[in-house]
Amino acid sequence: MSVTTAEDPLAEVGVPHELLTQVSETAAAVDAGEAHPREVFPGLAAAGLIDLGAPANTGGQLLRQAAVVEALAERSLSTAFALWGHRMSIEYLAAAGGDYAEGLLAQLRTGEVPGVSGMASAFKTYAGAGSLDLTVDRAEDGGLTLSGGLPWASNLYTDAVVLSAAYGPADELDAAGERKKLILAFRLSDEGVEVGRDLNLLALQGTASTSVKVEGVRLESQQILTEDFEEFMGRCRPTFAVLQSSFCLGLAAESFRQARANLPGLNEVFLEDFEQLGDDLGVAKEQLADFAARVAGENPPERREVLALRLESGRLAVALATLEVKTAGGKGFIADSAPNRRFREATFIPVQSPSEAQLRWELAKGK
């Protein structure tokens, strides 16, 4: 279907009603850290809604996956965000291929084992705006070890699989004489991996988000999924941006609905703002549907286009969540109310990697 208004879904996917009800009913508990988004993963997997289009829009299914993320975000950004991280872990493994990756994929596709997308520094490095957080070294016995840390990651449950990037051993340099950049996988349960302390977050408290310290973790060669860093990142980035934009727009759409219900009376002074944001939201959803359908096709969206969409989607989520709070009255100031939750969730989007600063920097540089 074609998106025509701010409230139309990106695509009809038929997420089971009981799953949507579960996400709605646990949204407050997830926000408070009393429930975890991973609890919905097995149900989504059983419905065939957790790995649509992996990798790179296989079968033209990326739009349907985006619609699943959107539907969850309308009810709980935290749950949609957690699904995004898990689904991107599936993307990385499916894009890399090979027996080891396929073995991990089988576990992630059931939703029983969570995936961690620890790729923030990878995307910064790919954009020329940072360096990798992890390094692979050669041990005395000739084996490989991994050290460093991830300043921030989510879905950090003890049984999780982490996908990330690292500099390769000093004795294996690339054509430019520098350490190679590798994409690899490891488990949080590996010896030498330490998850940071629980953080008192403004929102997303139930998403198991904190830091990770890695010290001398033994790696098998098969855990290095690819040494072709640039090609791999280029393949994965469109899916990454499309699905991130999906949870931004899902939150924006729900705040749009709630703000409209609040408009009668004094709040009619916000009508012009509301209508403009609604028009912008409709345009952004049309763009996302178009880009998602074109990923890996004959006319794929350009890198600049998907970055601009991600930036605009984040802007709309923040603007509409703010408008909802403005029109909600005192209810918007109650910390455990739904308007307040959406507002707090929206404040995460400008700092989530790629942050608003990084997106603006890349677009200004013409990256």
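Residues numbered from 1 in each chain as written. Predicted model: local features only at pLDDT ≥ 70, side-chain atom pairs only at ≥ 80, totals over all residues. Heavy atoms only, no water.

A.B. asks: Describe the overall build of the chain, with residues and values.
C.D. replies: The number of helices and strands found in the chain is eleven helices and eight strands. The C-alpha atoms of the chain give a radius of gyration of 20 Å, which matches the 21 Å a tight globule of 367 residues would have. Taking the principal axes of the C-alpha coordinates as reference, the chain spans close to 75 × 45 × 35 Å. In the chain, which comprises 367 residues, the share counted as buried stands at 55%. Counting only contacts in the chain whose residues sit at least 6 apart along the sequence, the fraction spanning at least 24 positions is 76%. Counting only carbon and sulfur atoms, one obtains 50% of the accessible surface of the chain, whose full area is about 14,800 Å². Taking the average place of the 32 positive charges on the side chains of the chain and the average place of its 52 negative ones, the gap between the two points comes to 3 Å. (Helix = DSSP H or I, 4+ residues; strand = E, 2+ residues; numbered from the N terminus. Rg over C-alpha atoms; globule rule 2.2 N^0.38 Å. Buried < 20%, exposed > 50% of the residue type's maximum accessible area, 1.4 Å probe, protein only. Contact = heavy atoms within 4.5 Å. Areas by Shrake-Rupley, 256 points an atom, 1.4 Å probe, with all protein chains shown as cover. Lys, Arg positive; Asp, Glu negative; His and termini not counted. Charge placed at Lys NZ, Arg CZ, Asp CG, Glu CD.)

A.B. asks: Go over helix H11 (residues 356-365), please, and point to the residues and values.
C.D. replies: Three or more residues of H11 are buried, namely Gln358, Leu359, Glu362 and Leu363. Down the axis of H11, the buried set is contained in an arc of 130°. They therefore lie on one face. Along H11, the residues that are exposed and aim more than 90 degrees away from the buried face are Ala357, Ala364 and Lys365. Just downstream of H11, Gly366 is the residue with a positive phi angle, here 75°. (Arc of directions from axis to C-beta.)

A.B. asks: Kindly report on the nonpolar core, identifying the contributing residues and their values.
C.D. replies: With 93 residues, the main nonpolar core has Leu44, Val68, Tyr92, Met233, Phe247 and Leu281 as its most contacted residues. The element that contributes the greatest number of residues to this core is helix H7 (residues 229-262), accounting for 16 residues. What Met233 contacts, discounting residues up to four positions off in sequence, is Met119, Ala122, Phe123, Tyr126 and Ile183. One finds Ala153, Leu156, Leu182 and Val193 within the second-largest nonpolar core, a separate group that totals 21 residues. (Core = buried A, V, L, I, M, F, W, Y, C linked by side-chain atoms within 4.5 Å.)

A.B. asks: Residues and numbers for the packing of aromatic side chains, please.
C.D. replies: One pass over the full model with this rule turns up nine aromatic pairs. A centroid spacing of 6.1 Å and a plane angle of 75° characterise the contact between Trp84 and Phe247, whose relative ring orientation is edge-to-face. You can see Trp84 sitting in helix H4 (residues 77-96) and its partner Phe247 sitting in helix H7, a full 163 residues away along the chain. On the accessibility criterion, Trp84 (5% relative accessible area) is buried. Each residue in the set Phe81, Trp84, Phe123, Trp152, Phe240, Phe247 and Phe348 is aromatic and connected to the rest through ring pairs, giving one cluster. A cation over an aromatic ring shows up here: Arg38 above the ring of Tyr157, its NZ or CZ 4.8 Å from the ring centre. (Phe/Tyr/Trp six-rings, centres within 6.5 Å; stacked < 30°, edge-to-face > 60°. Lys NZ or Arg CZ within 6 Å of the ring centre and 35° of its normal.)

A.B. asks: Any chance you could break down the side chain of Asn155 for me, citing the residues and the numbers?
C.D. replies: As for its placement among the helices and strands, Asn155 is situated in the loop between strand E3 (144-153) and strand E4 (161-167). Among the polar contacts listed, one links the side chain of Asn155 to the backbone oxygen of Ala82, at a separation of 3.1 Å. (Polar contact = N/O pair within 3.5 Å; in protein donor to acceptor, adjacent residues only side chain to side chain.)

A.B. asks: Break down the environment of Leu263 for me, citing the residues and quoting the values.
C.D. replies: With respect to the helices, strands and loops of the structure, Leu263 is situated in the loop between H7 and helix H8 (271-294). Taking C-alpha positions, Leu263 is 29 Å from Ala29, a pair spaced 234 residues apart along the chain. The residues touching Leu263, leaving out its near neighbours within four places in the chain, are Glu268, Phe270, Leu271, Phe274 and Thr327.

A.B. asks: Can you tell me about the state of the cysteines, naming the residues and giving the values?
C.D. replies: Chemically, a disulfide is nothing more than a covalent bond linking the sulfur atoms of two cysteines. Per the counting criterion, the structure on display carries zero disulfides. Sulfur of Cys236: no disulfide; nearest cysteine sulfur belongs to Cys248 and is 19 Å away. Overall, Cys236 belongs to the buried group, its relative accessible area being 1%. (Disulfide = S-S within 2.5 Å.)

A.B. asks: An account of H7 is requested, with residue identities and associated values reported.
C.D. replies: Helix length check: H7, at 34 residues, gives a terminal C-alpha distance of 49 Å against a target of 50 Å (1.5 Å per residue), a fit within 8%. Of all the 34 residues making up H7, 25 are buried; the element is thus mostly covered by neighbouring parts of the structure. (Expected span 1.5 Å × (residues − 1).)

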